[in-house]
Each structure stands twice: as structure tokens, then as C-alpha cells.
Amino acid sequence: MNSWDTQASCDLRSTVYEEPPQLVFLTYIARSGSTFLAHQLDSLRDVNVSLEAALPDGFVLPEFEISNVSALDGLIDALYGRRGLFSDSVDAQMAKFRYWGIDENVLRSRLMAEEWPVSFPRLLRVALDLHFVGRPAPMSVYKMGSCLGKWDTLHALFPEAKVLFIKRDPRAIYASQK
């Protein structure tokens, strides 16, 4: 069952949607106000915004795919902060995924049920589906900064996705740091 098939009873988001949510990437330049914008968007009834986490993706690692159970187990260990797969900084960003509130056994089961190999687009859709379960909305926003300057790759991986790019006047950044 997908999150868009589930009827929520906890808030105003009680609509059942027939189609998968529109995927939107919120990408940004550091200190541009992306966290503020993400909170504002997430307060809207028809929009769900993910917490920020650096999933291993097709932007940084174009060859990324899960091709066997061992690779899946290694990915899950990295996502939940038990072992590193990449550089320390990437692993630290990936470990933020544990705050998405997804039970790792449920994630593993859902990914095992996918057609193999599992690519980044499928990994992201499964993770967003599980993260937003019980909160259906016609739009899912994935907040990430790693696709800056990789628009062709983004479009190739997610031809149906929209991109929301945010930057801030450098003078405003400087003034806010005083």
C-alpha cells in the first residue's frame, strides 16, 4: 500500500489520492533560507516535505544501484548510522535518514520487493512513501543540495519531477550572520 492510497485520520489531510504525488526537489545554496521555506511548504495541506538527508543518489554517484542483498544491507547500515560506506561527511549526512521515522525492517522489506537492481529513483520513491505514510498529499518535496549544477542528470533520472531552486542575496546572508 502506498501513502497516497492511505486515508489519514490525524489531521486535515484526509483525502485519498489516485496518483502518486508530484515529486519536487528543493535544492539551494547554503544559507539561502531553505529550512524556513521547507517548514512553510510543509505547513500546507497538499504538500509534504522530507527532512534533509543525503541518500546515496544518482547525482553524486551516477552508478548507484542496489543489486544484491549484501548491498542492501550495507546501505541500510549506512542510512541508520551503523557503518560508513562513503566519506565521513557523506556518511554523516546519510545518517540523518534515521530521523525520517522509517522502521528499517519495513524499508528493507519494501526494497526487497522492488524489481532488482534498485536504482536511486526507486529508493527515493520508497523512502518518501514510507516517510509520509498516513499523510497523503499530492506533492512530495525532497530537500537536497547535491543536485546543484546537475540538472541534466536530475531530468534523466526524474523526467516528471519539478525543481524548486532557492538562493539568497549574498548581502542578506552577510547581514544575517552579524
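Preceding this section is the structure that the text describes.
The shown structure was predicted, so the numbers you read here are calculated from the model rather than taken from an experiment.

### As for the overall build of the protein chain
Then, in step 1: For the protein chain, the helix and strand inventory stands at 7 helices and 6 strands.
Then, in step 2: For the protein chain, the N- to C-terminal ordering of α and β elements is β-α-β-β-α-α-α-β-α-β-α-β-α.
Then, in step 3: Considering only contacts in the protein chain between residues 6 or more positions apart, those separated by 24 or more positions represent 74%.
Then, in step 4: Approximately 9,700 Å² of the protein chain is accessible, and the part contributed by carbon and sulfur atoms is 55%.

### Here's the deal with the pattern of salt bridges
Any two side chains of opposite charge can pair, given that their charged atoms come close.
Then, in step 1: Here the structure, examined in full by the defined rule, presents 7 salt bridges.
Then, in step 2: Notably, a salt bridge pairs Arg108 with Asp73, separated by 2.8 Å at the nearest N-O pair. Placement of the pair is Arg108 in helix α4 (residues 104–112) and Asp73 in helix α2 (residues 69–79), with a sequence separation of 35 residues.
Then, in step 3: Classification of Asp73 as partly exposed rests on a relative accessible area of 29%.
Then, in step 4: Several salt bridges share partner residues, and in doing so they unite Asp77, Arg82 and Glu104 into one network.

### Topic: the nonpolar core
Then, in step 1: With 33 residues, the main nonpolar core has Phe25, Phe97, Leu107, Leu124 and Tyr142 as its most contacted residues.
Then, in step 2: Those elements giving two or more residues to this core turn out to be β1 (22–28), α2, α4 and α5 (120–131).
Then, in step 3: Tallying contributions element by element places α5 first for this core, with 7 residues.
Then, in step 4: Membership of the second largest hydrophobic core comes to 9 residues, among which are Leu26, Val47, Val49 and Ile166.

Rules and cut-offs
Residues numbered from 1 in each chain as written. Predicted model: local features only at pLDDT ≥ 70, side-chain atom pairs only at ≥ 80, totals over all residues. Heavy atoms only, no water. Helix = DSSP H or I, 4+ residues; strand = E, 2+ residues; numbered from the N terminus. Contact = heavy atoms within 4.5 Å. Areas by Shrake-Rupley, 256 points an atom, 1.4 Å probe, with all protein chains shown as cover. Salt bridge = Lys/Arg side-chain N within 4 Å of Asp/Glu carboxyl O. Buried < 20%, exposed > 50% of the residue type's maximum accessible area, 1.4 Å probe, protein only. Core = buried A, V, L, I, M, F, W, Y, C linked by side-chain atoms within 4.5 Å.

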